[in-house]
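Here's the letter readout for the chains.
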Amino acid sequence: MTTNWYNESIKQEFINSYQGIVGEFTFNTIFSKTKELEQALNKDCSLFVLPEILDLARSFKSGDIASIRFKISLLKSYTQFCISKGLSKTGLNHYIEVTTAMYNEVVDKKKMAETYISREEVEDIISIFDNPRDKYIILAPFEGIYGEDLCELLKLRKKDLLGNGRVRLYTDREIVVSNMLYNIMEDAADTYVAEYNGKKRPLINTDLVFKPLDTKGSLDVIGEIQIKKKFSRLKRHLDRKTFGIRMLYTSGFLSEVDKAVQKAGSIEAAKEQINEIQIKYQSRYPINSIKKMYNEMKLVQEI
């Protein structure tokens, strides 16, 4: 691979000696990024001091703190390698000085904000739709209705609406949803015609809450295709590349976690409530991952 990195030979030697499971493409991405600043400062990135390292981190233009941490960690290893080869006059590795607060400062908060959505934003989005089936596929994932291959979203039937907000899902579990979502599901279950661009379109005659537009094929396949097309159009309409079912599901989960934390005072104090939320959302996130995602969401809310 032709790289044309700054101090290419020593960087290639480091890659050849690196014991971790990291592909050459990753190193190429990182060292291609360092090159511009290395040339501007006329020194190798292993010699960067803290302010220069933070400038480098900002240049990544990443909305993912974990991704920035990973890159800085690899550069820390590279710097240690250079020190072991006697290529550093000071013998100092300034990459170890980057703190959690600093990562919060260098992350691209606008990009980070695209990975989360609030309940208020979701309600604003569904307000633009007249058809309850469209409102349903947006709000339901936010409240924990998802399932492998969208099975919970696609297979919910009118008989599964048990009253008082209780819903029995295809995976044979029950959850309680908001009055808003429950009313939307009842309306969708009783709606057999959808209007788009002023034209009325018949829906498949079934007791499903999400009724696909009437066309040939398997109900599940047709439904999944139509939902994915709807979200594809929504991404363009909202100009939000990350908008999708998984993003709604994760944001809804974290919204519930936030309520529990606000009530209990801290994530640690809210562990019991968070366990209940994980059961509702069928989440397998370890508590440390929840803390990370929660802190990132709160950081976004400060923008």
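Remember, it's a predicted structure, so these values are computed and weren't measured experimentally. (Residues numbered from 1 in each chain as written. Predicted model: local features only at pLDDT ≥ 70, side-chain atom pairs only at ≥ 80, totals over all residues. Heavy atoms only, no water.)

Draft legend 1. Spotlight on the overall build of the chain. Scanning the chain from N- to C-terminus turns up 14 helices and five strands. Here the C-alpha atoms of the chain give a radius of gyration of 25 Å, more than 25% beyond the 19 Å that 2.2 N^0.38 yields for 303 residues. Seen through its C-alpha atoms, the chain measures out along the principal axes to roughly 75 × 45 × 35 Å. When the 303 residues of the chain are sorted by exposure, 46% land in the buried category. Residue pairs in contact within the chain that sit at least 24 positions apart in sequence constitute 59% of those at least 6 positions apart. With the model as given, the accessible surface of the chain reaches about 16,300 Å², and the carbon-plus-sulfur share is 49%. The distance from the centre of the 46 positive side-chain charges to the centre of the 42 negative ones in the chain is 3 Å. (Helix = DSSP H or I, 4+ residues; strand = E, 2+ residues; numbered from the N terminus. Rg over C-alpha atoms; globule rule 2.2 N^0.38 Å. Buried < 20%, exposed > 50% of the residue type's maximum accessible area, 1.4 Å probe, protein only. Contact = heavy atoms within 4.5 Å. Areas by Shrake-Rupley, 256 points an atom, 1.4 Å probe, with all protein chains shown as cover. Lys, Arg positive; Asp, Glu negative; His and termini not counted. Charge placed at Lys NZ, Arg CZ, Asp CG, Glu CD.)

Draft legend 2. Region of interest: the pattern of salt bridges. Throughout the structure, instances matching the rule amount to 20 salt bridges. Among the salt bridges present, the one from K230 reaches D134, with a minimum N-O distance of 3.6 Å. Of the two residues, K230 sits in helix α11 (residues 219–238) while D134 sits in helix α8 (residues 132–142), which places them 96 residues apart along the sequence. Note on K230: relative accessible area 10%, which makes it buried. Of the charged contacts, one joins K292 and E296 as a salt bridge, the two residues approaching to 3.2 Å between their closest N and O atoms. Here K292 and its partner E296 are both found in helix α14 (residues 287–301), four residues apart, which amounts to about one turn of the helix. On the basis of relative accessibility, which here comes to 36%, the residue K292 falls in the partly exposed class. Judged by its relative accessible area of 8%, E296 falls in the buried class. (Salt bridge = Lys/Arg side-chain N within 4 Å of Asp/Glu carboxyl O.)

Draft legend 3. Main features of the sheet that holds strand β1 (residues 161–163). The three strands are arranged β1-β2-β3 in an open sheet whose pairing can be described as antiparallel. This sheet does not close on itself; its edge strands, each paired only once, are β1 and β3 (174–176). The mean inter-strand angle of the sheet, taken between neighbouring strand axes irrespective of direction, is 30 degrees. Where β1 and strand β2 (residues 166–168) come together, two bridges link them in antiparallel fashion. Bridging from a neighbouring strand, L161 pairs with V167 of β2. Strands in contact with helix α10 (residues 179–189) are β1 and β2; relative to β1, the strand with the most contacts, it is inclined by about 130 degrees. (Pairing = 2+ DSSP bridges. Axes fitted to C-alpha atoms, helices over the stretch in contact; angles between N-to-C directions.)

Draft legend 4. Molecular detail of helix α12 (residues 245–264). Compared with an ideal rise of 1.5 Å per residue, which puts 20 residues at 28 Å, α12 spans 29 Å between its outermost C-alpha atoms and is within 8% of the ideal. Of all 20 residues that make up α12, 14 are buried, and the element is covered over most of its length. Residue G265 follows α12 closely and has a positive phi angle near 105 degrees. (Expected span 1.5 Å × (residues − 1).)

Draft legend 5. The packing of aromatic side chains, seen in detail. Taken as a whole and judged by the stated rule, the model has 13 aromatic pairs. Centre to centre, the rings of F14 and F81 are 5.6 Å apart; their planes meet at 55 degrees, and the pair counts as tilted. On the criterion of sequence distance, the pair formed by F14 in helix α1 (residues 8–17) and F81 in helix α4 (residues 65–84) is long-range, its members being 67 residues apart. The exposure class of F14 is buried, given its relative accessible area of 3%. An aromatic cluster of at least three residues, connected via ring pairs, comprises W5, F14, Y18, F27, F31, Y78 and F81. (Phe/Tyr/Trp six-rings, centres within 6.5 Å; stacked < 30°, edge-to-face > 60°.)

Draft legend 6. A look at the packing of α1 against α4. Where α1 meets α4, the closest approach of the two axes is 10 Å, and the angle between their N-to-C directions is 105 degrees. If you check the angle between α1 and α4, you find them roughly perpendicular. Of α4, the residues touching α1 (which contributes I10, K11, E13, F14 and S17) are L74, S77, Y78, F81 and C82. Split by residue class, the contact of α1 with α4 holds six nonpolar, two polar and two charged. (Parallel < 35°, antiparallel > 145°, perpendicular 65-115°, else oblique. Nonpolar A, V, L, I, M, F, W, Y, C, P; charged D, E, K, R; others polar.)

Draft legend 7. Highlighting the nonpolar core. Within the largest apolar cluster, 85 residues are counted, with the highest numbers of intra-cluster contacts made by Y136, I138, I145 and M185. Leave out the neighbours within four places in its chain, and M185 touches Y136, I145, L156, L161, V167, V177 and V209. (Core = buried A, V, L, I, M, F, W, Y, C linked by side-chain atoms within 4.5 Å.)

Draft legend 8. Local environment of the environment of T26. Counting through the fold element by element, T26 comes out in helix α2 (residues 24–41). Since its relative accessible area comes to 24%, T26 is described here as partly exposed. In this structure, the C-alpha to C-alpha distance between T26 and L74, residues 48 residues apart in sequence, is 9.8 Å. With near-sequence residues (within four places) excluded, T26 lies in contact with F70 and L74.

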